[in-house]
Amino acid sequence: FGACSRIIPFEANPHACAILKTNLALNKITNVDLSFLGIGISDSEVTLVMKESVEDNLGGTSFMNGINGSIRGIPGDAVLIDIPVSFLKIDLEGMEILALSGLHQTILRWKPVIFIEVIDSIFEQIDSQMKEFGYCMIEQFSRYAGITNFLYVPTEKKELALQNIQNRLTKSVVYDNDTQVVNFALQQATQRFIASELKAQVHLDELKNVLKQSEQRITELLRENMRI
């Protein structure tokens, strides 16, 4: 989705890495840089301990800094500071504060739009951190209780971002109207098809009756001939 020339995922969960590679291959996606699969994001060069997620929720797997960890964690600045970053999607099941700290210089240099999932209990800390970076929150989305996704933009780009949102909503309304028109046309076509099928069935029934009457007449004629 979108027109990104390059997508760089950081994924520490080996199970998720395997699924990602499979999905990329199945969908023939070639603009994803897989250099950092198996590596997590934190505030410094650390090892990460993986905490298994609840059953049937791979995305709920969480990590924490730990000396006994087996997974490498790095600050985002270590690899992204010289790469023009236009958008950051952060969803780290509680490690968002550490990740933002490790991305500080990248954020200040490139001023990307940031879409971040936040547990309600740490929202004030995240919001304060974003304000220190010179960002403001312009949209929020919540699907699950206790968790909210926030869209942050550099404060100087707020008006432009809000206008883009308005344009998107307007297009959505147009799309919805077009969809209604298309759906109505499909309904009409379906009704015409059903009516045509019913009409054809009536003709078929009439032909069957004619054929039955003809068979009966032929049978009667044969009987008459046999009597003669």
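Bear in mind the structure is a predicted one, so any value in this text is a computation, not a measurement.

Asks: Quick question: what am I supposed to make of the pairing of strand β8 (residues 147-154) here?
Replies: Remark: a regular strand shows side chains that alternate across the two faces of the sheet. Buried residues dominate β8, accounting for seven of its eight residues. Note: strand β6 (residues 113-119) against β8, six bridges, orientation antiparallel. Across the sheet, residue Glu117 finds its bridge partner in β8, namely Asn149. The pairing of strand β7 (residues 135-141) with β8 spans six bridges and is classified as antiparallel. Among the inter-strand pairings, Tyr135 is bridged to a residue of β8, identified as Pro154.

Asks: It is not clear to me how the sheet that holds β7 should be interpreted in this structure. Could you clarify?
Replies: Each strand in a sheet pairs with its neighbour through backbone hydrogen bonds, running either in the same direction (parallel) or in the opposite one (antiparallel). Read from one edge to the other, the open sheet built from four strands follows the order β5-β6-β8-β7, with strand pairing classed as mixed. Whereas interior strands pair on both sides, the edge strands pair on one side only; in this sheet they are β5 (87-90) and β7. Taking the axes of each pair of neighbouring strands and ignoring which way they run, one obtains an average angle of 25° across the sheet. Its contacts with the sheet place helix α5 (residues 123-132) against β6, β7 and β8, and it is angled at close to 160° to β6.

Asks: What is the right way to read α5 from this model?
Replies: For an α-helix, the turn length of 3.6 residues means that residues three or four places apart are oriented alike. Along α5, the residues classified as buried are Ile126, Asp127, Gln129 and Met130. Angularly, the buried residues of α5 cover 160° about the axis, an arc narrow enough to put them on a single face. More than 90 degrees from the buried face of α5, the exposed residues found are Glu124, Lys131 and Glu132. The inward-facing, buried residues of α5 contact α3 (96-102), β6, β7 and β8. Gly134, located one to two residues past α5, shows a positive phi value of around 85°.

Asks: I tried to follow the packing of aromatic side chains on my own but got confused; where do I start?
Replies: Two measures describe an aromatic ring pair: the distance that separates the ring centres and the angle between the ring planes. Inspection of every chain in the model, using the stated rule, returns four aromatic pairs. With centroids separated by 6.4 Å and ring planes inclined at 50°, the aromatic side chains of Phe150 and Tyr152 adopt a geometry described as tilted. Relative accessible area serves as the criterion here: at 0%, Tyr152 is assigned to the buried category. Grouped by ring-pair contacts, the aromatic residues Phe123, Phe150 and Tyr152 constitute a single cluster.

Asks: Honestly, the pattern of salt bridges in this entry has me stumped. Any pointers?
Replies: Where charged atoms from two side chains of opposite charge come close, those side chains can pair. Under the definition given, this model contains six salt bridges. For Asp82, the salt bridge is made with Arg109, and the minimal N-O distance between the two is 2.8 Å. Here Arg109 lies in helix α4 (residues 104-110) and Asp82 lies in the loop between α2 (77-80) and β5, a separation of 27 residues in the sequence. Given the relative accessible area of 59%, Asp82 is considered exposed. Residue Arg109 is classed as partly exposed on the basis of its relative accessible area, which comes to 46%. Residue Lys131 pairs with Asp127 through a salt bridge whose shortest N-O separation is 3.2 Å. Within this pair, Lys131 and its partner Asp127 are both found in helix α5, separated by four residues, close to a single helical turn.

Asks: Where do I start with unusual backbone geometry in this structure?
Replies: Trans peptide bonds make up most of the peptide bonds, and negative phi angles are found at most residues other than glycine. With a phi close to 55°, Lys28 is a non-glycine residue in the positive phi region. Among the structural elements, Lys28 can be located in the loop between α1 (14-26) and β1 (39-42). By relative accessible area, which is 73% here, Lys28 ends up exposed. Unlike most non-glycine residues, Lys111 shows phi in positive territory, near 50°. Relative to the assigned elements, Lys111 resides in the loop between α4 and β6. The exposure class assigned to Lys111 is partly exposed, which follows from its relative accessible area of 24%.

Conventions and cut-offs
Residues numbered from 1 in each chain as written. Predicted model: local features only at pLDDT ≥ 70, side-chain atom pairs only at ≥ 80, totals over all residues. Heavy atoms only, no water. Buried < 20%, exposed > 50% of the residue type's maximum accessible area, 1.4 Å probe, protein only. Helix = DSSP H or I, 4+ residues; strand = E, 2+ residues; numbered from the N terminus. Pairing = 2+ DSSP bridges. Axes fitted to C-alpha atoms, helices over the stretch in contact; angles between N-to-C directions. Contact = heavy atoms within 4.5 Å. Arc of directions from axis to C-beta. Phe/Tyr/Trp six-rings, centres within 6.5 Å; stacked < 30°, edge-to-face > 60°. Salt bridge = Lys/Arg side-chain N within 4 Å of Asp/Glu carboxyl O.

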